[in-house]
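Breakdown of the fold
Chain by chain, the residues:
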Amino acid sequence: SFLISKFSPIYNSLELRQMKLLPSLTLTAIAAAIPSGVFSSTTKEFRNVNEILSVSIGNKKGEDIKNKEWGDIFVKFRYGSGGDEEIVRESQVLKKPVEFFSNIVGKALVSSDVIQFDDKPQRLFCRIIQRRRPKNVLIRFICGPNSGRERTLGTAEFQPKDLKLDNIERKVIRTSWKMPCGRSNPDMFVEIEVLKSRWRQIYTDANIITDEKLEPFFSLTSTFFKSTLETTKNLRSFELPKPIAEADPDLKMESPLPSLENFCFPDNDEFDPVDSSTLTAFKLINNVPVVRDQLTYYRNRGEAIYEIRNTVGNNIATPKEGRWINPTRDSSMKRIFFSSIGMIYVKKLPGFEKGYAADLTDLATYPVRNGKQEYETYGCITYFDEHGNIVKITDVNGDVHTPGSEHWEWAKLKSRTGVFLKAAFAHFGEVHYMWGNHGSSTLRMFLSPCHPIRRAFTPHFYKTHHTCRRAQYSLFDRKGILSRGLSLKYDEGLKKVFEDFIGGFIYQSYPDELKEQDVLDCKFHVGATDGMDLHKIFSQYACDLFDEIYTHEEKFKADEELKRAHEYLVDELRIPKHLQEYTMDNVKEIWGEILFRVTGYHNMIGAVTAFALDPAMTNIRLQPKGRTMTEEMETIVAPKESAISVALISAITQIPCPTIGECWKQVLENPDCTSYATLRENLKKLEQKIDQRNLVRNDNVDFHPRYCAISISS
């Protein structure tokens, strides 16, 4: 135990970017270099497993494989010993990139699913198929877009000796395929990328058998969400339009929470109104199926990950920052709280104490449902040492969990669930419906379409109100997917959450938040490095732009439109007294803050792909820790009701968006203005700086201009 405590920080650090600092050093070699016995007490708790990261199909001649008369192409894997032991996994092959700057062409996002244990490799059989799309719209909606007749294009096999990774961490394996007639075709190939991972046995060995069927609401919603996501498209930055609608202080508003009298947003977007049939479908799906307090389990973690990938299809790509390797490992807790959504909640310990803590116990004030299921309240305190390594988790009831203790995996899940939920509440309540909604409403209500400020800032609110309107019935409805997915009561729980996060919102600058957390000097807190860099860039842009437009104070004071817009923001964003007066400095600071919040900050707080694709990462139907192996498995891998809710809501936020790395000068009144040219130059420098930082840390692109959305368009 002493040796483990001494060497665990070293071991954790070796996961850094799949050990890119030590490319020739394997875990086996590292273990050999550490004194004997260090891993002896934990080795039996883990198994090496192989995961397929992606599958590609190709033609060496460069010919297109797809027959346009048919639909999408799938690769169906089969492995196991046959009969009930046989496992079948199916993956849709992408024809086009799913995100801007993506290199995913002709690949399928297989997701992390155990194909075998590395010590017992098995033959992997592949069948490449193509399915027709049903012509009938109703059949496509009920059965799915690829539910028609299928045909076999070819088959392929990967032999056990090829799948043996030994000391290799990643391996790309290619094999030729055979035609349906059995004849070999050397020009056609199937290529898989395989990764060796270490999973705890509680994830690999559990086999939960349940006859419970998923409740109809989640089945219907899965089909509906998937079909609507596939038809949702966003423009690129260089395609964004100029504002067109005249200023209208009397925009028609929606008020989904009557208990919050001043909370409202426009009933439609300026550029992309939500189709009325989509809203009707959301309302219908919410109200038809009966609400059940039901839990439906996956057999194990591998099946859970595969089923979630099938649920969302390719609408959620691999995380922009790259695939998370072993995301449930202790070392990933540092990544979550210092380089992901937990950055906004971790604080430095006071006084002479060394280390950091993320106190999420306020979530326990929102009561969970009382029904046939027993649910655990959300919230706990997660502690880290001065290097950011996790040391303990304290539950709201006083229980203390430490690395290696009996319910450590469950405690980490509770911590991850807490930070995921609190970040989600802030994401929806504060970023979407406060920073984004009111920033966009201000421009539309008070500034004419030719006003230089509206022209300059409109790109940063592209489709913001589309998102507000579209998410209305999913987030606020008593029978919506968020309410059904969570274990919270509605009136005292979820409704109170929005009343607190929206009704209790008070304007605060990002630097002041970091100062309050006492993390401004933390070198491994990405928000204090990349985040502050981007904040400074947008603050400078706002200052330069206003100086360029208002060349003298009299011109600024004479702008009645901008003055009314400022007064509106003061009221709606609850701006503190020292910024309320209509002065150039105050207006610059407020708009610089808004621009940062709807770009980099929103990108950071919404980066939940890793959580959405692995039901072991978060469980919004969290149950008390288990007493047996089976019960523990049920508590640390989310049931379908939780996993589907998280995946579908997250999928909405992952639709490819225009980015600040691209040019949008066509919207500006003066495309060649100095302020915008300086902004572009600064963003380019930040890209290079973040790329350099990512060489020595887990990749993070939350504030990276190349990946950072220009607005809250999803």
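My aim in this report is to walk through the structure given alongside it, one point at a time. Fair warning: this is a prediction, and the values are worked out from it, not measured in the lab. (Residues numbered from 1 in each chain as written. Predicted model: local features only at pLDDT ≥ 70, side-chain atom pairs only at ≥ 80, totals over all residues. Heavy atoms only, no water.)

1. What to know about the overall build of the protein chain
Put simply, the rule is: The helix count covers DSSP runs of H or I at least four residues long, the strand count covers runs of E at least two residues long, and both are numbered beginning at the N terminus. Each residue is placed in one exposure class: buried if its accessible area under a 1.4 Å probe, protein chains only, is under 20% of its type's maximum, exposed if it is over 50%, and partly exposed if it falls in between. Any pair of residues with heavy atoms lying within 4.5 Å of one another is described as a contacting pair. Method for areas: the Shrake-Rupley scheme with a 1.4 Å probe, in which residue coverage is limited to the protein chains shown.
Helix and strand counts for the protein chain come out as 24 helices and 16 strands. Taking all 714 residues of the protein chain together, the buried fraction comes to 59%. The contacts in the protein chain between residues at least 6 apart in sequence include a share of 74% that link residues at least 24 apart. Looking at the protein chain as shown, the accessible area adds up to about 29600 Å², and 51% of this sits on carbon and sulfur atoms.

2. Let's talk about the nonpolar core
What counts here: Nonpolar cores were defined as sets of buried Ala, Val, Leu, Ile, Met, Phe, Trp, Tyr and Cys residues, with membership established by side-chain atoms within 4.5 Å.
Within the largest apolar cluster, 164 residues are counted, with the highest numbers of intra-cluster contacts made by Phe457 and Tyr541. No other element matches the 19 residues that helix H10 (residues 408-446) contributes to this core. Sequence-distant contacts of Tyr541, that is, excluding residues within four places in its chain, are made with Ala456, Phe457, Leu595, Leu668, Ser675, Tyr676 and Leu679. Grouped together as the second largest cluster of nonpolar side chains are 22 residues, Val55, Val93, Ile128 and Ile192 included.

3. Let's talk about helix H7 (residues 276-287)
Selection rule: Expected helix span is given by 1.5 Å per residue-to-residue step, counting one fewer step than there are residues. By construction, the arc corresponds to the directions joining the helix axis to the C-beta atoms.
Its 12 residues give H7 an end-to-end C-alpha distance of 17 Å, which sits within 8% of 16 Å, the value for a rise of 1.5 Å per residue. Burial in H7 covers these residues: Thr278, Leu279, Ala281, Phe282, Ile285 and Asn286. Buried residues in H7, looked at end-on, bunch into an arc of 160°, giving them a common side. In H7, the exposed positions angled more than 90 degrees off the buried face are occupied by Ser276 and Leu284.

4. Focus on the pattern of salt bridges
Note the cut-off: Counted as salt bridges are all cases of a side-chain nitrogen of Lys or Arg within 4 Å of a carboxyl oxygen of Asp or Glu.
Summed over all chains, the structure comprises 30 salt bridges. One salt bridge in this structure joins Glu687 and Lys684, with 3.9 Å as the shortest N-O distance. Taken together, the positions of Glu687 and Lys684, both in helix H24 (residues 674-693) and 3 residues apart, correspond to about one turn of that helix. Connected through salt bridges with shared partners, the residues Asp530, Asp533, Lys689, Arg693 and Arg697 form a single ionic network.

5. Points about the sheet that holds strand E13 (residues 356-359)
The criterion, for reference: When DSSP finds at least two bridges between two strands, those strands are taken to pair. Axis definition: a line fitted to C-alpha atoms, over the contacting stretch in the case of helices. Angles run 0 to 180 degrees between N-to-C directions.
Taken in spatial order, the 5 strands of this open sheet run E12-E13-E14-E15-E16, and their pairing is antiparallel. In the strand order of this sheet, the two ends are held by strand E12 (346-348) and strand E16 (400-401), each with one partner. When strand E15 (residues 390-395) meets E16, the two strands line up antiparallel, connected through 2 bridges. Bridging from a neighbouring strand, Ile393 pairs with His401 of E16. The sheet contacts of helix H9 (residues 330-338) involve E12, E13, strand E14 (380-384) and E15, and relative to E14 the element is tilted by about 105°.

6. Considerations on the packing of aromatic side chains
Heads up, the condition is: Pairing of aromatic side chains requires ring centres within 6.5 Å, counting the rings of Phe and Tyr and the six-membered ring of Trp. Pairs whose planes differ by under 30 degrees are stacked, by over 60 edge-to-face, and all others tilted. Two conditions define a charge sitting above a ring: the NZ of Lys or the CZ of Arg must be within 6 Å of the ring centre, and it must be within 35 degrees of the ring normal.
Per the stated rule, a full pass over the model turns up 29 aromatic pairs. Ring geometry for Tyr510 and Phe596: centres 4.7 Å apart, planes at 45°, overall tilted. One end of the pair, Tyr510, is in helix H16 (residues 510-517); the other, Phe596, is in helix H20 (residues 584-605), with 86 residues separating them in the sequence. Of the two residues, Tyr510 and Phe596, neither departs from the other in class, the shared state being buried. Connected via pairs of aromatic rings, a cluster forms that spans Phe457, Phe461, Phe546, Tyr550, Phe556, Tyr582 and Trp591. A cation over a ring is seen here: Arg335 above Trp324, with NZ or CZ 4.3 Å from the ring centre. A cation over an aromatic ring shows up here: Lys392 above the ring of Tyr383, its NZ or CZ 4.7 Å from the ring centre.

7. Focus on a negative patch on the surface
Just so we agree on the cut-off: By definition, no residue in a patch forms a salt bridge, and every one has over 30% relative accessible area; like charges are joined within 9 Å, nonpolar side chains (Val, Leu, Ile, Met, Phe, Trp, Tyr) within 5 Å. A residue counts as positive if it is Lys or Arg and as negative if it is Asp or Glu; His and the chain ends are not included. The atom standing in for a charge is NZ when the residue is Lys, CZ when it is Arg, CG when it is Asp and CD when it is Glu.
Taken together, the side chains of Asp512, Glu516, Glu553, Glu554, Asp585 and Glu589 define an acidic patch exposed on the protein surface. Going through the elements one at a time, H16, helix H18 (553-557) and H20 are the ones with two or more residues in the negative patch. For Glu516, the position within the fold is in helix H16. Among the residues examined, Glu516 registers a relative accessible area of 55% and is labelled exposed.

8. Looking at H20
Selection rule: To get the bend at any residue, fit one axis to the seven residues that end at it and another to the seven that begin at it, then take the angle between the two axes.
For H20, spanning 22 residues, the distance from its first C-alpha to its last is 30 Å, which sits close to the expected 32 Å at 1.5 Å a residue. Of all the bends in H20, the largest measures some 40° and sits at Arg597. The element H20 is largely enclosed, with a buried count of 20 among its 22 residues.

9. Description of the side chain of Glu641
Here Glu641 shows up in helix H23 (residues 640-653). One buried charged residue, Glu641, remains without a salt bridge, the closest side chain of opposite sign being Arg621 at 4.7 Å. Excluding anything up to four places from it in sequence, Glu641 contacts Leu214, Glu215, Phe218, Gln294, Leu295, Thr296, Gly485 and Arg621.

10. Some points on the pairing of strand E9 (residues 184-200)
Of all 17 residues in E9, 14 are buried, a share of seventy percent or more. Here strand E1 (residues 46-59) runs beside E9; their pairing, made up of 13 bridges, is antiparallel. Looking across to E9, one finds that Ser56 is bridged to Glu191. Examined bridge by bridge, strand E8 (residues 170-178) and E9 share 9 bridges and lie antiparallel to one another.

11. A short note on unusual backbone geometry
Not every positive phi belongs to a glycine, and Lys463 is a case in point at roughly 60°. Mapped onto the elements of the fold, Lys463 is located in the loop between helix H11 (452-457) and helix H12 (464-470). Positive phi outside glycine occurs at Arg574, with the angle close to 50°. Turning to its location among the elements, Arg574 is positioned in the loop between helix H19 (560-572) and H20.

12. Here we look at the packing of H16 against H20
For clarity, the threshold we go by: By definition in this entry, angles of less than 35 degrees are roughly parallel, angles greater than 145 are roughly antiparallel, angles of 65 to 115 are roughly perpendicular, and the rest are oblique. Any residue outside Ala, Val, Leu, Ile, Met, Phe, Trp, Tyr, Cys, Pro, Asp, Glu, Lys and Arg is labelled polar, Gly included; the first ten of those are nonpolar and the last four are charged.
Interaxial distance between H16 and H20 falls to 10 Å at its minimum, and their mutual angle equals 70°. The angle between the axes of H16 and H20 places the two elements in the roughly perpendicular class. Mapping the contact onto sequence places Tyr510, Pro511 and Glu513 in H16 and Glu593, Phe596, Arg597 and Tyr601 in H20. Classifying every residue of the contact of H16 with H20 by side-chain character gives 4 nonpolar, no polar and 3 charged.

13. Some details on the packing of helix H8 (residues 301-312) against H23
Spelled out, the test is: With the far helix as reference, a near helix turned anticlockwise by less than a right angle produces a left-handed crossing, and one turned clockwise produces a right-handed crossing.
Here H8 crosses H23 at 40°, and the two axes come no closer than 10 Å. The pairing of H8 with H23 is recorded here as oblique in orientation. The two elements H8 and H23 meet at a crossing, and its hand is right-handed. For the pair formed by H8 and H23, the contact residues are Ile308, Thr311 and Val312 on the first element and Ala643, Ile644, Ala647, Leu648 and Ala651 on the second. In terms of residue class, the contact of H8 with H23 is made up of 7 nonpolar, 1 polar and no charged.

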